[in-house]
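Okay, here's what each chain looks like letter by letter:
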Amino acid sequence: MTDHFPKDFLWGASTSAYQVEGAATTHGKGQSQQDIINDERAKQFGFADTSITSDHYHHFKEDIRLFKEMGFTSYRFSIAWSRIFPNGDHQVNEEGLDFYRQLIRELKANDIEPIPTLYHYDLPWALVEKYNGWLSRDVVQDFSDYAKFVVNAFKDDVKYWITINEQSIIVQYWTQKCYVPKQYQDQNQLRYQINHHMNLAQAEAVKHIHAAGGLAGPALGYAPVYARTSKPEDQIAALNANDLRNFYYLDVYFRGYYNVAALNYLKQHHLAPEIAVGDEDRFKENLSDFLAINYYDSQCAHACPPDAEHAWSGYNLTGKKGDMSGFETHPDFYQMCPNPELRTTDWDWAIDPIGLEFVYRDLYTRYHMPFMVTENGLGAYDELTADEQVHDTYRIDYLRDHIAATQRAMSMGVEVLGYMPWSALDLLSTSNGYKKRYGLIYVDRTDADPKDCRRIKKDSFHWYKKVIASNGADLR
Ligand code: BG6
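- The chain is annotated in an unreviewed UniProt entry as Glycoside hydrolase family 1 protein from Lacticaseibacillus rhamnosus.

1. Some thoughts on the sheet that holds strand β8 (residues 299–302)
Adjacent strands of a sheet form backbone hydrogen bonds with each other and so pair up, either parallel or antiparallel.
And then number 1: Taken together, four strands build an open sheet; the order of strands is β6-β8-β10-β9 and the sheet is mixed. The open sheet has two free edges, formed respectively by β6 (225–227) and β9 (329–330), since each of these has just one partner strand.
And then number 2: Sheet topology places β6 next to β8; three bridges connect them, and they run parallel. Considered in β8, the bridge of Y226 is made with C300.

2. Quick look at the packing of helix α3 (residues 56–70) against helix α5 (residues 94–109)
And then number 1: The N-to-C vectors of α3 and α5 enclose an angle of 10 degrees; their axes lie 10 Å apart at closest approach. The orientation of α3 relative to α5 falls into the category roughly parallel. Note on element contacts: α5 touches α3 through E95, F99, Q102, L103, E106 and L107, opposite H56, Y57, F60, K61 and I64.
And then number 2: Among the residues making up the contact of α3 with α5, the classes are represented as six nonpolar, two polar and three charged.

3. Section: unusual backbone geometry
And then number 1: Across the junction of W422 and S423, the peptide omega takes the value 5 degrees, indicating a cis bond.
And then number 2: Summarising the element assignment, S423 is placed in the loop between β12 (416–419) and β13 (441–444).
And then number 3: The backbone of H368 sits at a positive phi, close to 50 degrees, despite the residue not being glycine.
And then number 4: Here H368 lies in the loop between α14 (353–367) and β11 (371–375).

4. Things to note about the site of the ligand
And then number 1: Close contacts around the ligand come from 15 residues, with Q19, E166, T430, S431 and Y438 the closest.
And then number 2: Within the side chain of H120, a nitrogen or oxygen atom sits 2.8 Å from an oxygen atom of the ligand.
And then number 3: Between the ligand and E375 there is a distance of 2.8 Å, counted from an oxygen atom to a side-chain nitrogen or oxygen.
And then number 4: The cavity where the ligand resides is the largest pocket.
And then number 5: Residues of the shell around the ligand, tallied by class, amount to five nonpolar, seven polar and three charged.

5. Brief notes about the layout of surface pockets
And then number 1: Here the largest pocket defines a volume of roughly 1,000 Å³.
And then number 2: Taken together, 50 residues form the lining of the largest pocket, with Y173, D297, Q299, G314 and W349 sitting closest to its centre.
And then number 3: Of all elements in the fold, only α8 (167–172), α9 (174–177), α11 (232–255), β8 and β10 (334–337) reach the threshold of two or more residues within the lining of the largest pocket.
And then number 4: Broken down by element, the residue count for the lining of the largest pocket peaks at three residues, all from α8.
And then number 5: Of the residues assigned to the lining of the largest pocket, the class counts are 20 nonpolar, 22 polar and eight charged.
And then number 6: Forming the boundary of the second largest pocket are 20 residues, of which R41, T175, Q176, Q185 and Y315 lie nearest the centre.
And then number 7: Looking at the lining of the second largest pocket, the elements that each hand over two or more residues are α2 (33–45) and α9.
And then number 8: At five residues, the largest contribution of residues to the lining of the second largest pocket is made by α2.

6. Some words on the nonpolar core
And then number 1: By size, the foremost hydrophobic cluster in this structure holds 137 residues, and its most contacted members are W134, F143 and Y464.
And then number 2: Apart from residues lying up to four places away in sequence, W134 is in contact with Q33, Y119, L123, V139, F143, I164, C178, I194, H197, M198 and A201.
And then number 3: Counting residues in each nonpolar core, the second largest holds nine residues, with A219, F290, M372 and M420 among its members.

7. Considerations on the packing of aromatic side chains
And then number 1: The final tally for this structure, using the stated rule, is 40 aromatic pairs.
And then number 2: Look at W11 and Y464: their rings are 6.3 Å apart centre to centre, the planes differ by 75 degrees, and that puts the pair in the edge-to-face class. One end of the pair, W11, is in strand β1 (residues 10–14); the other, Y464, is in helix α16 (residues 459–469), with 453 residues separating them in the sequence.
And then number 3: Considering the side-chain rings of F85 and Y146, the 6.3 Å spacing of their centres and the 70 degrees angle between planes classify their relative orientation as edge-to-face. In this pair, F85 is assigned in the loop between α4 (81–84) and α5 and Y146 in helix α7 (residues 139–154), connecting sequence segments 61 residues apart.

8. Topic: the sheet that holds β1
And then number 1: As summarised here, the arrangement of the eight strands in space is β1-β2-β3-β4-β5-β7-β11-β12, forming a closed barrel in which the pairing is parallel. Pairs of neighbouring strands in the sheet enclose a mean axial angle of 30 degrees, with direction left out of account.
And then number 2: Bridge count for strand β3 (residues 113–119) against strand β4 (residues 160–165) is two bridges, and the pairing is parallel. Across the sheet, residue T117 finds its bridge partner in β4, namely I162.
And then number 3: Here α7 sits on the sheet in contact with β3 and β4, set at roughly 165 degrees to β3.

9. Observations concerning the pattern of salt bridges
And then number 1: One pass over the full model with this rule turns up 28 salt bridges.
And then number 2: Close ionic contact of D397 with R400 constitutes a salt bridge, the shortest N to O distance being 2.9 Å. Here D397 pairs with R400, and both are found in helix α15 (residues 393–411), just three residues apart, close to one helical turn.
And then number 3: One continuous salt-bridge network, built from bridges that share partners, spans D382, D392, R395, D426, R437 and K458.

10. Considering α15
And then number 1: In this model α15 runs 27 Å from its N-terminal to its C-terminal C-alpha over 19 residues, within 8% of the 27 Å that 1.5 Å per residue would give.
And then number 2: By the burial criterion, the buried members of α15 are R395, I396, Y398, L399, H402, I403, A405, T406, Q407, A409, M410 and S411.
And then number 3: In this fold, the buried residues of α15 make contact with β1, α14, β12 and α16.
And then number 4: The first or second residue beyond α15 is G413, which carries a positive phi of 100 degrees.

11. A word on empty space enclosed by the protein
And then number 1: One pass over the full model with this rule turns up five cavities of 30 Å³ or more.
And then number 2: Empty space within the largest cavity amounts to approximately 60 Å³.
And then number 3: S168, V171, Q172, Y192, L244, R245, Y249, W312, E328 and Y334 are the residues that line the largest cavity.
And then number 4: Sorting the residues of the lining of the largest cavity by element identifies α8 and α11 as the ones contributing at least two each.
And then number 5: The class makeup of the residues in the lining of the largest cavity is six nonpolar, two polar and two charged.

Definitions and cut-offs
- Residues numbered from 1 in each chain as written.
- Predicted model: local features only at pLDDT ≥ 70, side-chain atom pairs only at ≥ 80, totals over all residues.
- Heavy atoms only, no water.
- Pairing = 2+ DSSP bridges.
- Helix = DSSP H or I, 4+ residues; strand = E, 2+ residues; numbered from the N terminus.
- Axes fitted to C-alpha atoms, helices over the stretch in contact; angles between N-to-C directions.
- Parallel < 35°, antiparallel > 145°, perpendicular 65-115°, else oblique.
- Contact = heavy atoms within 4.5 Å.
- Nonpolar A, V, L, I, M, F, W, Y, C, P; charged D, E, K, R; others polar.
- Near = heavy atom within 4 Å.
- Polar contact = N/O pair within 3.5 Å; in protein donor to acceptor, adjacent residues only side chain to side chain.
- 1 Å grid on protein atoms, 1.4 Å probe; cavity = no way out; pocket = protein on both sides within 12 Å on 5 of 7 lines; lining within 4 Å.
- Sits in = over half its atoms within 2 Å of the grid points.
- Points joined across faces, edges and corners; volume = space filled by probe spheres on them.
- Core = buried A, V, L, I, M, F, W, Y, C linked by side-chain atoms within 4.5 Å.
- Buried < 20%, exposed > 50% of the residue type's maximum accessible area, 1.4 Å probe, protein only.
- Phe/Tyr/Trp six-rings, centres within 6.5 Å; stacked < 30°, edge-to-face > 60°.
- Salt bridge = Lys/Arg side-chain N within 4 Å of Asp/Glu carboxyl O.
- Expected span 1.5 Å × (residues − 1).

Given below as structure tokens:
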């Protein structure tokens with residue numbers, strides 16, 4: 001029984017490059033697909049673009065000082081491929097490489113474990129222009145070369161590598177997380193083809209990380225799916241949803257093959273990827289060492305009739321409860337729905353700390369590998385008061401309950417290496433600009449006006465500092 005967190009538990013928080021760095025097209029960086037996608041979203045919805053975001057590129061030393069003040073022993077960030085290789089290929093941008101060298105050096109000097117992610121949605125735009133990016137299998141070799149280069153550059157300072165961020169979310173929201181030219185957007189089989197290329201790329205990364213003596217883990221956006229009722233047909237629907245939304249990815253990472261039921265369903269509906277001879281061997285030879293869990297909410301499903309219309313995951317773009325644009329529907333397999341038992345955020349994300357405990361317990365039984373929480377957090381409208389404070393008690397409550405859930409799972413024997421909520425500081429939300437904030441540190445800017453991006457400590461900053469100082473014993 002563990003009633004407390006181990007001494008070497010990694011406490012920290014997370015960010016990703018394009019959401020926090022800024023300097024999107026300066027200092028030698030090439031454009032990434034996210035620079036293009038977010039430029040379009042800025043024009044369409046008034047969200048900020050990627051040019052400045054939280055200006056971490058110029059504030060990273062100040063940010064690390066604040067991380068140190070909170071007591072961080074880890075920081076999960078991502079490396080922008082197009083900052084290292086502006087054209088996606090082998091031509092190095094020395095200034096970009098030096099930025100990450102300095103970032104990692106600064107973290108180490110402050111006894112903070114650097115935990116880089118190799119890929120967080122930001123493919124070099126040059127590769128989209130060259131061969132339609134992830135739609136082409138050519139990307140696997142380019143990703144392999146990039147991963148090998150980065151891993152070798154930083155292998156002396158990095159132990160834990162996160163490979164690819166949230167493949168399952170990329171499949172669900174593919175045009176938001178990946179640039180898909182208009183003429184392909186109704187070809188839904190390509191969602192799974194892109195994912196197959198990512199699985200091959202992920203296997204390549206694992207190979208290079210192992211060769212360099214590191215440990216590799218994919219970050220999966222993980223939401224367990226509950227059945228809406230105890231009716232047997234709803235139970236099967238939930239099983240189907242878990243197979244297609246969750247185990248379809250995990251079985252590849254940790255067993256080296258596609259989940260059988262999910263792959264069969266995809267084949268029956270002409271959605272399955274083309275798999276070349278030898279692909280699954282590559283997965284089997286390069287299994288991951290740990291799972292990086294990005295947990296925000298749980299989901300719910302019920303049975304779906306065979307004549308229902310196929311639909312993909314909806315979203316809430318306004319931050320007004322109930323403004324969800326629709327629910328994923330796979331005829332004769334499952335239909336997603338709200339869970340009437342749970343409260344939600346303003347963006348309709350269910351709040352369910354017990355769901356995280358469920359994930360740890362369930363996945364540890366199935367795969368028996370260690371976890372690291374690399375995202376967990378509450379997206380909310382934060383208000384900066386006249387005396388420059390942010391009273392984000394709702395965020396404190398959310399984080400407290402999820403840390404307690406982590407502790408309960410650990411007391412049942414589950415191995416958790418660290419907890420890095422989303423996000424260390426406010427950043428550009430992938431779906432809602434700067435209106436929806438997650439940070440422990442407030443960044444003074446709006447979507448329309450980047451102002452000076454001044455850093456202001458939120459109440460959650462002070463609370464988390466106390467949590468870390470007590471090694472998780474004091475969650476008040
Ligand atoms: C995860 C991503 O899906 O969720 C992050 O890895 C993202 O990049 C986070 O920011 C929260 O989602 P959103 O859309 O609210 O920013």
